[in-house]
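These are the residues of each chain, in order.
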Amino acid sequence: MTLQHIVESQQFTVPLLMEFFKRTEDMRKIVRRGGTRDFESKILASLFYKPSTRTRFSFEAAMHRLGGRVISTEEATEFSSEIEGGTLEDTIRIISNFCDAIVLRHNQEGGAKRAAEVSSVPIINAGDGTGGQHPTQALLDLYTIYNECNKLDGLSVALIGALDYGRTARSLAYLLSKFDRTKLYFIAPEEMQIKPDILEHLDENGVVYELLSNPEKIIANVDVVYQTRIDHSRLQSKNIELTHYNIDANVLKRMKSDAIIMHPLPRSVEIDPAVDSDPRAAYFRQARNGLLVRMALLTMLFDQDY
Amino acid sequence: MTLQHIVESQQFTVPLLMEFFKRTEDMRKIVRRGGTRDFESKILASLFYKPSTRTRFSFEAAMHRLGGRVISTEEATEFSSEIEGGTLEDTIRIISNFCDAIVLRHNQEGGAKRAAEVSSVPIINAGDGTGGQHPTQALLDLYTIYNECNKLDGLSVALIGALDYGRTARSLAYLLSKFDRTKLYFIAPEEMQIKPDILEHLDENGVVYELLSNPEKIIANVDVVYQTRIDHSRLQSKNIELTHYNIDANVLKRMKSDAIIMHPLPRSVEIDPAVDSDPRAAYFRQARNGLLVRMALLTMLFDQDY
Amino acid sequence: MTLQHIVESQQFTVPLLMEFFKRTEDMRKIVRRGGTRDFESKILASLFYKPSTRTRFSFEAAMHRLGGRVISTEEATEFSSEIEGGTLEDTIRIISNFCDAIVLRHNQEGGAKRAAEVSSVPIINAGDGTGGQHPTQALLDLYTIYNECNKLDGLSVALIGALDYGRTARSLAYLLSKFDRTKLYFIAPEEMQIKPDILEHLDENGVVYELLSNPEKIIANVDVVYQTRIDHSRLQSKNIELTHYNIDANVLKRMKSDAIIMHPLPRSVEIDPAVDSDPRAAYFRQARNGLLVRMALLTMLFDQDY
């Protein structure tokens, strides 16, 4: 099972996810051994129209750990004027001559798809627009749950924060709907609740969910708390208190001893640094998985077995 | 025959061009085999005072395909304030200690020459100022004609667009003047015609040319259409219609079946995307040659035979 | 003797400095042989919140000459908004998962120390804030004196320029205080003299020094002239003439035949380019040492013997 491009989470069927998990585990061993030289003659191009150092570094480090080479833009400002003229396509046609894969962060929804249509090498979507996709983040979130909880069926997951614009929460809800007996709790101020399209998708797939304005009722029962960014000033402008939408020692006390807390990072006020030392705080392990997940995806794109 | 620096097109004699063509062909084979490791211990520094992702990527990919290493600036903003003080020279003196060659894009005409005078390693001019040189683009254009037409003597070439500021058209006219029985047609609105210095040079070298305001008369006879950028708003401000200065299906119909269309890219309105699928559209092959040409030039600078 | 992090000059005891000098000499031989492949599986992350191409290039070239790999930010603008929230720590926690060492230029004093407290890999301070440290520059200055003068005891050193904000002059004074019979002359306009904290430190360590407003009296006797940047417009606003605070042919004439002139570069008006060709002009050799010094420090951080 191989991949031609990575454009959106929807590409990933359950068998493909299983293959991906297996490869991610393999990468853990490979990193422990100091990486491989297998992709010594391969070049990855990082084409970022907007800077995102962490995402870019995780892809570039992944390529290096596999022995590969990287050419990189931190911010492809040169191109900003061209986007109007539709020349993302020309840029990709040209750059795909110089490399073996392109990691693209574009500032328009659908940019990665457009790139994939003309590229002669695999395109990896590293985020396209606010309303767009960031599939490798979604895969890393799912892998982290799998790795921490040792299963993906029968999980109770609370998603907390400003869920209306929460790309990561939306993608995770989508991916979790593929597994059996998933229960999802969406916890947000009413005006920031997750949008109906996701709920429709969950209904179609028979996933049980609840919309809540605070986590009181369910926090003691969930296996995963997926905390997302919440803009404090947005809360204040609506006179909403942060209390229900962040994690601190009080929340920790009520959680199950084997539950985990995740966050796509960077965090702001949503997680008290005092939580960091609790073994249930999985967000730094989650960030570390970013390297392994991107290595695994590169091996799938380059169709190299491990 | 080796090179110390690559500063301007004028350095390239016909024998040197032939050597360069041969090496570019060799690079095609080397890329097909997955590159070499020969420059494993060499470092190329990309020093770009203005961003140009495509040019930079083609040099950096060329270095990687030869097994080399790259240190890179996307936009050397730090230096912008120093240019006044004449410290381009000091910067080059320092950076040439850290690497084995420098690719320089500078924002002042003559920057590359100044750099070459103080550098302890080869300087490659990747463009210096609007009125300056960009010799590796000119070489890539000439190689593409050679590769597509299998000859450089006796060619009829139409150069179309805003030729007054057309650095690439000017350089190509210059290089083509070195070959026998070249015929050049400069096709531009009167106020944007090629400047007299180039025409004087052609006269001195006995090259036949014509200045035309539209391609009607000659389009059916030329071997190469070298289309360059034309600023649509500049045309509109002068009430000039685009019609004569762009390529579309109608122009294609009238061209010879073995003629080619070139463009330095990125393009704007000058070439209708419908032209892309015609085998005579050579501009993406031209862009691809950029990799091979830069590899060949690096092997000449490092004096490494193939 | 190994190093965990390089945060400030004060870490370096005399025995550690001697070890560092020895390794720097070893690196000279290694560079002459074309570098090593020893760090082939190691990744250095350059995390620069403010651009500094020369410093960044010297670290990245050092890593490449040791066979290593680099991931790099030219200007981590993305993070600028996060600094408020204290998330330098989170950024370092995340990025240290992707690499084997981090070179950090931060815009706040103390940034490197904060990074070292949470990083899982070595942190190298490449400058933190105007009032902060830049220890590898200080080490490179000290090594250059050692290499040029073949000793560090009994040296007379003149430090010239705007010494009040002169980070490099301050650090060098500090390091020289560790050696026997050092004599220091601080030459600056009264309002730009070195700050009392350094003088107190010298008093405590029994170092002989003098504060002077011009070099007349001592220029013929010193072994080292350490010239630093001086802002010409700042001088002019105070009606101070540049004459006493720059190096030209007249100053050269009065210096000892075996004295040296150093400068952290880039220079402005402080050194007349006519001085460059004098063998006593050591500033370009000093810049070149930057590569060797950073290679040596990397070998110490990675605990690799040579």
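Reading the values: the criteria
- Residues numbered from 1 in each chain as written.
- Chains lettered and ligands numbered in written order.
- Predicted model: local features only at pLDDT ≥ 70, side-chain atom pairs only at ≥ 80, totals over all residues.
- Heavy atoms only, no water.
- Least-squares fit on C-alpha atoms with pLDDT ≥ 70 in both.
- Pairing = 2+ DSSP bridges.
- Helix = DSSP H or I, 4+ residues; strand = E, 2+ residues; numbered from the N terminus.
- Axes fitted to C-alpha atoms, helices over the stretch in contact; angles between N-to-C directions.
- Expected span 1.5 Å × (residues − 1).
- Buried < 20%, exposed > 50% of the residue type's maximum accessible area, 1.4 Å probe, protein only.
- Contact = heavy atoms within 4.5 Å.
- Salt bridge = Lys/Arg side-chain N within 4 Å of Asp/Glu carboxyl O.
- Polar contact = N/O pair within 3.5 Å; in protein donor to acceptor, adjacent residues only side chain to side chain.
- Right-handed = clockwise from strand over helix to strand, strands pointing away.
- Phe/Tyr/Trp six-rings, centres within 6.5 Å; stacked < 30°, edge-to-face > 60°.
- Domains from an automatic or database assignment.
- Buried area = accessible area lost by both parts, 1.4 Å probe.
- Nonpolar A, V, L, I, M, F, W, Y, C, P; charged D, E, K, R; others polar.
- Parallel < 35°, antiparallel > 145°, perpendicular 65-115°, else oblique.

### A short note on the relation of the copies chain A and chain B
- Aligned on chain B, chain A shows an RMSD of 0.0 Å; the corresponding rotation is 120° and the shift along the axis is 0.0 Å. Interpreted geometrically, this transformation is the action of a three-fold axis. Nearest to the rotation axis, the C-alpha of Glu74 of chain A is located 4.3 Å from it, this being the minimum over chain A.

### Brief notes about the sheet that holds strand β1 (residues 43-48) of chain B
All names here are of chain B.
- Read from one edge to the other, the open sheet built from four strands follows the order β2-β1-β3-β4, with strand pairing classed as parallel. The sheet is open, and its two edges are formed by β2 (69-72) and β4 (123-128), each paired on a single side. For this sheet the average axis-to-axis angle between neighbouring strands, irrespective of direction, equals 15°.
- In the sheet, β1 pairs with β2 via four bridges, with the strands oriented parallel. Its bridge partner being in β2, Ala45 is matched across the sheet by Ile71.

### Thoughts on helix α1 (residues 14-32) of chain A
All names here are of chain A.
- The terminal C-alpha atoms of α1, which comprises 19 residues, lie 27 Å apart, in line with the 27 Å expected from a rise of 1.5 Å per residue.
- Of all the positions in α1, only Leu16, Leu17, Glu19, Phe20, Phe21, Arg23, Thr24, Asp26, Met27 and Ile30 are classed as buried.
- Structurally, α1 contributes buried residues whose contacts are with α6 (135-149) and α11 (283-301).
- Directly beyond the C-terminal end of α1, a positive phi value near 95° is found at Gly34.

### What about unusual backbone geometry?
All names here are of chain A.
- Here the residue pair Leu265 and Pro266 is connected by a cis peptide bond, since its omega of 0° sits within 30 degrees of zero.
- Even without a glycine there, the phi angle at Asn150 is positive, about 60°.
- As for its position among the elements, Asn150 is in the loop between α6 and β5 (156-160).
- With a phi angle near 55°, Asp303 is a residue other than glycine that sits in the positive phi range.
- Within the secondary structure layout, Asp303 lies in the segment after α11.

### Remarks on the interface of chain C and chain A
- Contacts between the two partners involve 29 residues from chain C and, on the opposite side, 24 residues from chain A.
- Where chain C meets chain A, there are two salt bridges.
- Here Arg267 of chain A ties to Asp90 of chain C by a salt bridge, and the two come within 2.6 Å at their closest N and O atoms.
- Across the contact surface, chain C and chain A share 12 residue pairs in polar contact (both at pLDDT 80 or more).

### Comments concerning the sheet that holds strand β7 (residues 208-212) of chain C
All names here are of chain C.
- Judged by pairing direction, the sheet is parallel, and its five strands sit side by side in the order β7-β6-β5-β8-β9 without closing on themselves. At either margin of the open sheet sits one strand with a lone partner, and together these are β7 and β9 (260-262). Across this sheet, the average inter-strand angle for adjacent strands is 15°, counted without regard to direction.
- Inspection of the sheet shows strand β5 (residues 156-160) paired to strand β8 (residues 224-227) by four bridges, in the parallel sense. Across the sheet, Val157 pairs through a bridge with Val224, a residue of β8.
- With respect to the sheet, helix α6 (residues 135-149) is in contact with β8 and β9, its orientation differing from that of β9 by roughly 170°.

### Some thoughts on the pairing of strand β1 (residues 43-48) of chain C
Residues and elements named next belong to chain C.
- When you tally the buried positions in β1, you get six out of six residues, the bulk of the element.
- Residue alternation in β1 divides its side chains into two sets, Ile43, Ala45 and Leu47 and Leu44, Ser46 and Phe48, and both sets are buried.
- Note on the crossover from β1 through helix α2 (residues 53-65) to strand β2 (residues 69-72): the handedness is right-handed.
- Pairing of β1 with strand β3 (residues 101-106), which is carried by five bridges, proceeds in the parallel orientation. When the sheet's bridge partners are listed, Leu47 is paired in β3 with Leu104.

### Section: the environment of Gly67 of chain B
- Considering the arrangement of structural elements, one finds Gly67 of chain B in the loop between α2 (53-65) and β2.
- Beyond its immediate sequence surroundings of up to four residues, Gly67 of chain B is in contact with Arg69 of chain A together with Thr36, Arg37, Phe39 and Glu40 of chain B.

### Some thoughts on the packing of aromatic side chains
All names here are of chain B.
- Inspection of the entire model under this criterion finds 20 aromatic pairs over all chains.
- Aromatic side chains Phe20 and Phe21 sit 5.6 Å apart centroid to centroid with 45° between the ring planes, which places their arrangement in the tilted category. Each member of the pair, Phe20 together with Phe21, is buried.
- Every member of this aromatic cluster is reached through a ring pair, and the members are Phe12, Phe20, Phe21, Tyr143 and Tyr146.

### Brief notes about the domain arrangement of chain A
Residues and elements named next belong to chain A.
- Splitting chain A by domain gives domain 1 (9-133 + 287-302) and domain 2 (135-286).
- Computed from C-alpha coordinates alone, the two centres of domain 1 and domain 2 are separated by 26 Å.
- Between domain 1 and domain 2, the contact holds 30 residues from the first and 24 residues from the second.
- Buried surface at the junction of domain 1 and domain 2, summed over both partners, amounts to about 2,200 Å²; 64% is from carbon and sulfur atoms.
- Summed over the shared surface of domain 1 and domain 2, the number is zero salt bridges.
- At the junction of domain 1 and domain 2, the tally comes to 16 residue pairs in polar contact (both at pLDDT 80 or more).
- Tallying contributions element by element places α1 first for the side of domain 1 that touches domain 2, with eight residues.
- Its residues assigned to classes, the side of domain 1 that touches domain 2 comprises 11 nonpolar, 12 polar and seven charged.

### Focus: the relation of the copies chain C and chain A
- Mapping chain C onto chain A leaves a residual RMSD of 0.0 Å; the transformation is a rotation of 120° accompanied by 0.0 Å of translation along its axis.
- The share of interface residues of chain C whose copies in chain A are also at the interface is only 3%, consistent with the copies meeting through different surfaces.

### Side note on the packing of helix α7 (residues 167-176) of chain A against helix α8 (residues 196-204) of chain A
Residue and element names in this part refer to chain A.
- The geometry of α7 relative to α8 is characterised by a closest axis approach of 10 Å and an angle of 10° between their N-to-C directions. By the criterion of interaxial angle, the relationship of α7 to α8 is roughly parallel. Residues Arg170, Ala173 and Tyr174 of α7 form the contact with α8, whose participating residues are Asp197, Ile198, His201 and Leu202.
- Looking at side-chain class alone, the contact of α7 with α8 contains four nonpolar, one polar and two charged residues.

### Here's the deal with the interface of chain A and chain B
- With 29 residues of chain A at the interface, the matching set in chain B holds 24 residues.
- Interface area lost by chain A to chain B is led by Arg69, Asn97 and Phe98 of chain A, which between them contribute 27%.
- Counting every contact that joins chain A to chain B gives two salt bridges.
- Salt-bridge contacts for Arg65 of chain B lead to Asp100 of chain A; the nearest nitrogen and oxygen are separated by 3.1 Å.
- Put simply, chain A and chain B have 11 residue pairs in polar contact (both at pLDDT 80 or more) between them.
- Among the elements of the structure, β1 (43-48), β2 (69-72), α3 (77-80) and α4 (88-95) of chain A are those that each provide at least two residues to the side of chain A that touches chain B.

### Some words on the environment of Ser96 of chain B
Residues and elements named next belong to chain B.
- Looking at the element boundaries, Ser96 is found in the loop between α4 (88-95) and β3 (101-106).
- Counting along the chain gives 19 residues from Ser96 to Ala115, while the straight-line C-alpha distance between them is 9.9 Å.
- Separated by 3.1 Å, the side chains of Ser96 and Ser120 make a polar contact.

### Some remarks on the pattern of salt bridges
- What the rule picks out here adds up to 51 salt bridges over all chains.
- The salt bridge partner of Asp223 of chain C is Lys256 of chain C, with a shortest N-O separation of 2.8 Å. With Asp223 of chain C in the loop between β7 and β8 and Lys256 of chain C in the loop between α10 (249-254) and β9, the pair connects residues that are 33 residues apart, well separated along the chain.
- Among the residues examined, Asp223 of chain C registers a relative accessible area of 13% and is labelled buried.
- For Lys256 of chain C, a relative accessible area of 28% translates into the label partly exposed.
- Residues joined by salt bridges that share partners form a network here, namely Asp90 and Arg93 of chain A together with Arg267 and Asp276 of chain B.

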